[in-house]
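For reference, the chains in residue letters:
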Amino acid sequence: MRHRFFISFLLLYFITINLQANNINSTSSDKRTISGYITDINNGEALIGATIYVEELMQGATTNLYGFYSLSLLPGKYTMVFSYIGFQSVKKKIVLNKDLRLNIELQTTDKALDEILVTGDKKNSNITKVEMSTVKMKMQAIKKIPALMGEVDVLKAIQLLPGVQSTSEGSTSFSVRGGSNDQNLILLDEATVYNASHLLGFFSVFNNDAIKNVKLYKGDIPASNGGRLSSLLDVRMKEGNLKKISGTGGIGSISSRFTLEVPIIKNKTSFIISGRRSYADIFLPLARDKDIRKLKLYFYDVNLKINHKFNDKNRLYLSSYFGRDAFINKFSKISWGNRTISLRWNHLFSKKLFSNFTVINSEYDYQFGVDQSDALSFLWKSSLSDICLKSDLNYFATPNNTLKFGFISMYHTFNPGNITPTNENSFFSEFIIPKNHSLEHAVYISNEQKIVSVLTLKYGLRYSLFQNIGEGTLYNFDENHNRIDSTHYQSGDIFKTYSGFEPRLSLNYILNETSSIKASYSRTRQYIQMAQNSTAGSPFDLWFSASPNVKPQIADQVAIGVFKNLKQNTIETSVEIYYKKMSNTIDFKDHAQLLLNKELEGELRFGESYSYGAEFLVKLKLKKLNGWISYTHSKAQRKIPEINTGKIYPATYDKPNDISIVMNYQISKRVTFSVNWIYSTGSPVTFPTGRFEYNGAVVPVYSDRNAYRMPDYHRLDIAFTLLPKRKPNKKWHGEWNFSIFNVYERKNAWTINFVTDENNPDNTYAEMTYLFSIIPSITYNFHF
Amino acid sequence: MKDKKYTFISEKNISMILIFAIIILCACQEKINIKLDETFTRLVVDGSFSTDTAIQKIKLTTTSDYFHNQPAPRVSGAKVIISDGDTSIMLIENDNASGVYETDNNFYCDKNKTYTLTITNVDIDKDGNYEEYYAQSSVVRPNSEIDSINLTYNERWNMLVIHSYAWDPPTKDFYLMKVYKNGVLVSDSVSEYFVTDDVLFNGNYTNGIASQFLDQNKADEIIRLGDIITLEIDGINEDYYNYLLELQQELQGSNPIFSGPPANVKSNINNGALGFFTTYSLTRASVVVKELPDK
């Protein structure tokens, strides 16, 4: 039944495309279409979410992810206003008596004056747009936030938003509205990034200089995306300057980076390459300890992108990311990294039908090896890879209806791990966990419809289908999770199929120019997840898929929000309340062995989880003072019958109170002062409530799971950004950034261990490990 | 079955290496005061009986508050009976060591028999009524036939590696290995036990597999010429093997990057008691140190 739905949808899909391609304008012959691209005049970069406003009709549209817009109107004379935050608006009078092509280039306003932290598209777009629970961040703004070791980081910045929490001190892994870290879909130019962290999670893989746009969906995830329960982080790379050669770079205390943008054919083809490497290990030879001197510890990453405009209707983008971390000491080497490649083709079937076709390959792997000369030598490798084909179409039916539809097909290959001895006399023998494969498909359709001028609806339906496909080995378990036997499937055998609908619905009711009420409901399904029971996450990520033993996770989320702007839209305030229920939640049995375990599925325990919360946000967009204050009150709990004797327990990322204050103040044209202060309730932990002796060792007797809390977390960071005097006619622009992390030296616990005193085995005490005391840093950034 | 051997690679080693990386970067440690709740008192049993003919002991203690900071309270006056189904023996409390109950000097566990332990006459929860505790040990496992051992020096770790040469039975077996220096147990705590299954050598000759270590950085493990080094291989059952692994995991500390949530170690004694009752077979082999490693 469901398969038939899938096939008929695909048929419908291609018929629509054909109809549109063959019968341009036949569906609305009385209307004329004005369409085009909106770009930055300086570099030709497409502006995502720029607004087009028709004054006479008091109606408008926004550009899509590729800067394209399309509006179909009755013939007539109109005044069009094209605008984008940080850019000077352009007003054009047009006579629309035939289809019109209008590409607009916008000029930036004086950056120093109009810098805005979190961008909106129109001054009150937060009120008028139907989407809620989303935040768009501009790279310029992220760069002003004081950062750990001056290393500005997208993932650290989003953790300062309401409803988003760091899972552990200093970590880039994050939890959105009570979801776990692996429930976030992180896309870089549409390719999944499986492990977005460098250096054990302290820095993210995203190089700011290569990134153009970051948007986080905490709920109300568009029907075009799925596969993860809790959030979508959509990161878009810069396209590359189409007009002139330009460069960006920086020298920091952890890493340095350089980006070069080259127009190969002006206004047609451009190329961007961006690289970054850490150099902490350069200083290691200065260490006193000779073992430390021999260490190597680094990461690097490279972003590449080429794009070519064939004509007004066709444009091709090829983007790629690869990065790697390595840690090498005198006897072993550990390394890990991501690689993504995406090839996209933008095609205009008609002035109203915009399409994008994408082919993606995304990979993550890690390896750990011990030197060949050692008797304990071995090489352990694990990897996963995706091949993905997708297509997204936008049909700009009328100014009141924008239809989006498309499909995605993915082929996952998981190599959970294999160990091979690298020396004949190795103590270890070969150990291989069989690879497994799966297919994940989805089709979707959604429409954003303005019912009346004050009420906009966005509704969509996604249908996803997941299949385990051979060659693979399935281990069968009894009700006590003990393995009974295993079944081997031949290549191409489909041995389990899951599928289901994922409805999405949101509405916006505009109360007046400065206030609105929004509500949304979404269902999401997740078929692949990470086997990880630590809080911070490690490079040894192991993803595994749904299977006959593991049901897909499902989340239902409802949210309602009130949005109100004050002082001519310079202060935005909002309150959002959400409730999320997740079923088939996966947790792990006590003392689970997750890595290098063929019977991983026997370590899993299933139950449900739910979370709810209220998010308060005040955003300032004043002339000199920009930033936000957010407060989140939330709860995230789990109930797994076979864990904690079936009692409800708080999820490890449950932090009931969470406050972030992020501000920057323009002291003068050349000096900006930024500050952020964060506070959150300590994360839940399991502590001993008693102890006993066994064979000379003092062994803890533990409380219920997560019955205690770590000490509360708080920290203040500050930064100054200094622009040297600008000399006229100089192309080189420099910028100094001085920052102090953890100004008042709060010792925030990273972990608390209970240890036995070596000198007196009867004595036990609690020992806290903290990572960062006060850390000053200097970064120099430049662009030309 | 689970290839627990690789726990050795995966969790301990890697986390040690990477945590080291973090520590050289920035971590600091300090003692802190934490207020912990109290929990109810439970009986703790520490009893392992071997196939060796000897006085064999069981120790009964109770749990205490976590920061009790004194030796565990002993449980005196209990009636402790061990039975193989045919005969039952009552253990006698040692006059000089309260809470330690002993067999006479010709007790040994019979291979292929199942033993039960019954503890009565104790009132741990102080409600005025005696409780009864019961545990059963699986069949005593066969042991490997140990031929010999030898020593090599590993310069990188500055430790002596004890290699064993033994035949492993074709069954699924589990081993606990301990080392003695001149008759004194050197691997004297659970963390120093070497616990392994037979995945790497099932049914085969172990052919010099690394079985225990003498850390030459530790005073009590440094070897001298003429020292007698003895390797003890205990054939243990799977339950006890899992118990020891869980215990070792809980004793090694945790960190947010690699550790899962801590959890109680599962006991095989009923009625909420902790600890373990087990039986095992035992073999030993010795070697005399004839040369010292070049350092």
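A. Summary view of the overall build of chain B. Helix and strand counts for chain B come out as two helices and 16 strands. For 295 residues, the compact-globule formula gives about 19 Å, and the C-alpha radius of gyration of chain B, at 21 Å, lands near that figure. Seen along its three principal axes, the alpha-carbon backbone of chain B occupies a region of about 60 × 50 × 40 Å. Counting the 295 residues in chain B, one finds 51% classified as buried. When contacts within chain B are restricted to residue pairs at least 6 apart in sequence, long-range pairs at least 24 apart make up 68% of them. Looking at chain B as shown, the accessible area adds up to about 13,600 Å², and 48% of this sits on carbon and sulfur atoms. Side chains of chain B give 25 positive and 41 negative charges; the mean places of these two sets differ by 3 Å.

B. Representation of the pairing of strand β28 (residues 436–452) of chain A within the structure. Residues and elements named next belong to chain A. Note: strand β26 (residues 401–420) against β28, 14 bridges, orientation antiparallel. Within the sheet, the bridge partner assigned to T413 lies in β28 and is H437. Hairpin connection from β28 to strand β29 (residues 455–469): two residues lie between these consecutive antiparallel strands.

C. The arrangement of the sheet that holds strand β16 (residues 211–217) of chain A in detail. Residue and element names in this part refer to chain A. In space, the five strands of this open sheet follow the order β9-β16-β17-β12-β13, with mixed pairing throughout. Of all strands in the sheet, those with a lone pairing partner are β9 (134–138) and β13 (191–192), marking the two edges. When strand β12 (residues 184–188) meets β13, the two strands line up antiparallel, connected through two bridges. Paired with L188 across the strands is A191, a residue of β13.

D. Highlighting the environment of I229 of chain B. Topologically, I229 of chain B is positioned in strand β15 (residues 228–236). Separated by 112 residues in the primary sequence, I229 of chain B and L117 of chain B have C-alpha atoms spaced 34 Å apart.

E. Inspection of the confidence of the model for chain B at higher detail. Chain-level statistics for chain B give a pLDDT mean of 84 and a share of 90% at 70 or above. Scored below 50 in pLDDT, residues 1–12 of chain B makes 49 contacts in the model with residues more than four places away or belonging to other chains.

F. Highlighting a nonpolar patch on the surface. A surface patch of nonpolar side chains, amounting to about 450 Å² of accessible area, comprises I306, L318, I341, L343, V359 and L389 of chain A. Tracing the backbone shows V359 of chain A in strand β24 (residues 353–370).

G. Examining the domain arrangement of chain B more closely. All names here are of chain B. Domain assignment breaks chain B into domain 1 (43–137) and domain 2 (142–259 + 281–288). Relative placement of domain 1 and domain 2: their C-alpha centres are 26 Å apart. Tallying the contact residues gives six residues for domain 1 and six residues for domain 2. The contact between domain 1 and domain 2 buries some 420 Å² in all, and 44% of this surface belongs to carbon and sulfur atoms. Among the residues of domain 1 in contact with domain 2, T51, D52 and K111 are the three that bury the most area, contributing 63% of the side total. Taken together, domain 1 and domain 2 are joined by one salt bridge. We note a salt bridge from D52 to R284, for which the minimum N-O separation is 3.4 Å. Our enumeration of links across domain 1 and domain 2 arrives at two residue pairs in polar contact (both at pLDDT 80 or more). The residue makeup of the side of domain 1 that touches domain 2, split by class, is no nonpolar, four polar and two charged.

H. Representation of the pattern of salt bridges in the model. All names here are of chain A. In the structure shown here, the tally under the stated rule is 50 salt bridges over all chains. A salt bridge links E363 to R339, with the shortest nitrogen-to-oxygen separation between them at 2.6 Å. On the criterion of sequence distance, the pair formed by E363 in strand β24 and R339 in strand β23 (residues 332–348) is long-range, its members being 24 residues apart. The class for E363 is partly exposed, based on a relative accessible area of 23%. Taking the relative accessible area as the measure of exposure, R339 reaches 32% and is therefore partly exposed. Shared partners join several salt bridges into a network, and the residues in it are D189, E190, D234, R236, K305, R344, K390 and D392.

I. Unusual backbone geometry, seen in detail. All names here are of chain A. Across the junction of G470 and E471, the peptide omega takes the value 10 degrees, indicating a cis bond. In this structure, E471 sits in the loop between β29 and β30 (472–477). Of note in this structure, N695 is not a glycine but carries a positive phi near 50 degrees. Inspection of the secondary structure puts N695 in the loop between β44 (688–694) and β45 (697–702).

J. Geometry of the domain arrangement of chain A. All names here are of chain A. Looking at chain A, the domain boundaries give domain 1 (2–113) and domain 2 (239–320). The partner domain 2 presents nine residues to the 11 residues of domain 1 that form the contact. Summed over both partners, the interface of domain 1 with domain 2 comes to about 860 Å²; 33% of that surface belongs to carbon and sulfur atoms. Taken together, domain 1 and domain 2 are joined by two salt bridges. K243 is paired through a salt bridge with E105; the nearest N and O atoms lie 2.4 Å apart.

Conventions and cut-offs
- Residues numbered from 1 in each chain as written.
- Chains lettered and ligands numbered in written order.
- Predicted model: local features only at pLDDT ≥ 70, side-chain atom pairs only at ≥ 80, totals over all residues.
- Heavy atoms only, no water.
- Helix = DSSP H or I, 4+ residues; strand = E, 2+ residues; numbered from the N terminus.
- Rg over C-alpha atoms; globule rule 2.2 N^0.38 Å.
- Buried < 20%, exposed > 50% of the residue type's maximum accessible area, 1.4 Å probe, protein only.
- Contact = heavy atoms within 4.5 Å.
- Areas by Shrake-Rupley, 256 points an atom, 1.4 Å probe, with all protein chains shown as cover.
- Lys, Arg positive; Asp, Glu negative; His and termini not counted.
- Charge placed at Lys NZ, Arg CZ, Asp CG, Glu CD.
- Pairing = 2+ DSSP bridges.
- pLDDT = per-residue confidence, 0-100.
- Patch = residues over 30% accessible without salt bridge, like charges linked within 9 Å, V, L, I, M, F, W, Y side chains within 5 Å.
- Salt bridge = Lys/Arg side-chain N within 4 Å of Asp/Glu carboxyl O.
- Domains from an automatic or database assignment.
- Buried area = accessible area lost by both parts, 1.4 Å probe.
- Polar contact = N/O pair within 3.5 Å; in protein donor to acceptor, adjacent residues only side chain to side chain.
- Nonpolar A, V, L, I, M, F, W, Y, C, P; charged D, E, K, R; others polar.

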